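Structural characterization, general
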Amino acid sequence: MKKLKVKKGAECMACLACAQACSEAFYKVADPAKSCIQIIEKKGEPKPMVCVQCGKCMEACEAGAITQNAKGVYMINKKLCTGCGKCVEACPFDVMVKVDDNPTTKCIACGICAKACPMEILEVVES
């Protein structure tokens, strides 16, 4: 299964380079609120929240717009997505993005955020 991971023991400096790169890839704007990776504060430290490809979004999608590909990544079919937001509500990590009337987006383990991270704390792995 292919997924994005935060390297063990890695320290995030909350520069938001990863979030900006993700939002630029999906929405053509550097806006961390539109990113499929979120930086939260946990125990006083910044921590990247990433999609672990758990499938809860697919279970919540009544339109059948979310399917798992051969590499284990849950993908959204933008043509089938009704924009209801149920997948966003079901995501336990708050990393699915719903912007206006656009179809929902989620991490597809593309690695754009990992390449943008100056601390090199993100990686796409096969598990």
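Everything below is about the structure shown above.
Figured I'd write up the structure that's included with this text. Everything quoted here is computed from the prediction, not taken from an experiment.

1. Points about the overall build of the chain
- A tally of helices and strands in the chain yields four helices and six strands.
- Seen in sequence order, the chain has helices and strands lined up from the N terminus as β-α-β-β-α-β-β-α-α-β.
- A globule of 127 residues ought to have a C-alpha radius of gyration of about 14 Å, and the chain, at 14 Å, matches this closely.
- Burial analysis of the chain (127 residues in total) assigns 36% to the buried set.
- For the chain, long-range pairs separated by at least 24 residues make up 59% of all intrachain contacts whose partners lie at least 6 apart in sequence.
- About 7,300 Å² of surface is accessible on the chain, with carbon and sulfur atoms providing 51% of the total.
- Looking at the chain, you have 18 positive and 14 negative side-chain charges, and the mean spots of the two groups are 6 Å apart.

2. What to know about the side chain of Lys106
- Along the polypeptide, Lys106 turns up in the loop between helix H3 (86-90) and helix H4 (112-116).
- Buried within the structure, Lys106 lacks any salt-bridge partner; its nearest side chain of opposite charge belongs to Glu59, at an N-O separation of 13 Å.
- Within the structure, Lys106 has its side chain in polar contact with the backbone oxygen of Tyr74 (distance 2.9 Å).
- Once residues within four sequence positions are removed from consideration, Lys106 is found in contact with Phe26, Cys36, Cys51, Gln53, Cys57, Tyr74, Ile76 and Met96.

3. What to know about unusual backbone geometry
- Non-glycine residue Lys28 carries a positive phi angle of around 60°.
- With respect to the secondary-structure elements, Lys28 resides in the loop between helix H1 (17-27) and strand E2 (38-42).
- Within the chain, Asp94 stands out as a residue other than glycine whose phi angle is a positive 55°.
- Inspection of the secondary structure puts Asp94 in the loop between H3 and H4.

4. Things to note about the environment of Ala65
- Examined against the element boundaries, Ala65 turns out to sit in the loop between helix H2 (56-60) and strand E4 (66-68).
- For the pair Ala65 and Lys79, spaced 14 residues apart in sequence, the C-alpha to C-alpha distance is 7.8 Å.
- What Ala65 contacts, discounting residues up to four positions off in sequence, is Met75, Ile76, Asn77, Leu80 and Cys81.

5. Let's talk about the nonpolar core
- The biggest cluster of nonpolar side chains holds 30 residues, and the ones touching the most others in it are Leu4, Ile37, Cys57, Ile66, Met96, Cys113 and Leu122.
- Among the secondary structure elements, those contributing two or more residues to this core are H1, strand E5 (74-76) and H4.
- Top element by residues in this core is H1. It accounts for four residues.
- For Met96, the contacting residues outside a window of four places in its chain are Cys57, Ile66, Ile76, Cys87, Val88, Cys91, Thr104, Thr105 and Lys106.

Parameters and conventions
Residues numbered from 1 in each chain as written. Predicted model: local features only at pLDDT ≥ 70, side-chain atom pairs only at ≥ 80, totals over all residues. Heavy atoms only, no water. Helix = DSSP H or I, 4+ residues; strand = E, 2+ residues; numbered from the N terminus. Rg over C-alpha atoms; globule rule 2.2 N^0.38 Å. Buried < 20%, exposed > 50% of the residue type's maximum accessible area, 1.4 Å probe, protein only. Contact = heavy atoms within 4.5 Å. Areas by Shrake-Rupley, 256 points an atom, 1.4 Å probe, with all protein chains shown as cover. Lys, Arg positive; Asp, Glu negative; His and termini not counted. Charge placed at Lys NZ, Arg CZ, Asp CG, Glu CD. Salt bridge = Lys/Arg side-chain N within 4 Å of Asp/Glu carboxyl O. Polar contact = N/O pair within 3.5 Å; in protein donor to acceptor, adjacent residues only side chain to side chain. Core = buried A, V, L, I, M, F, W, Y, C linked by side-chain atoms within 4.5 Å.

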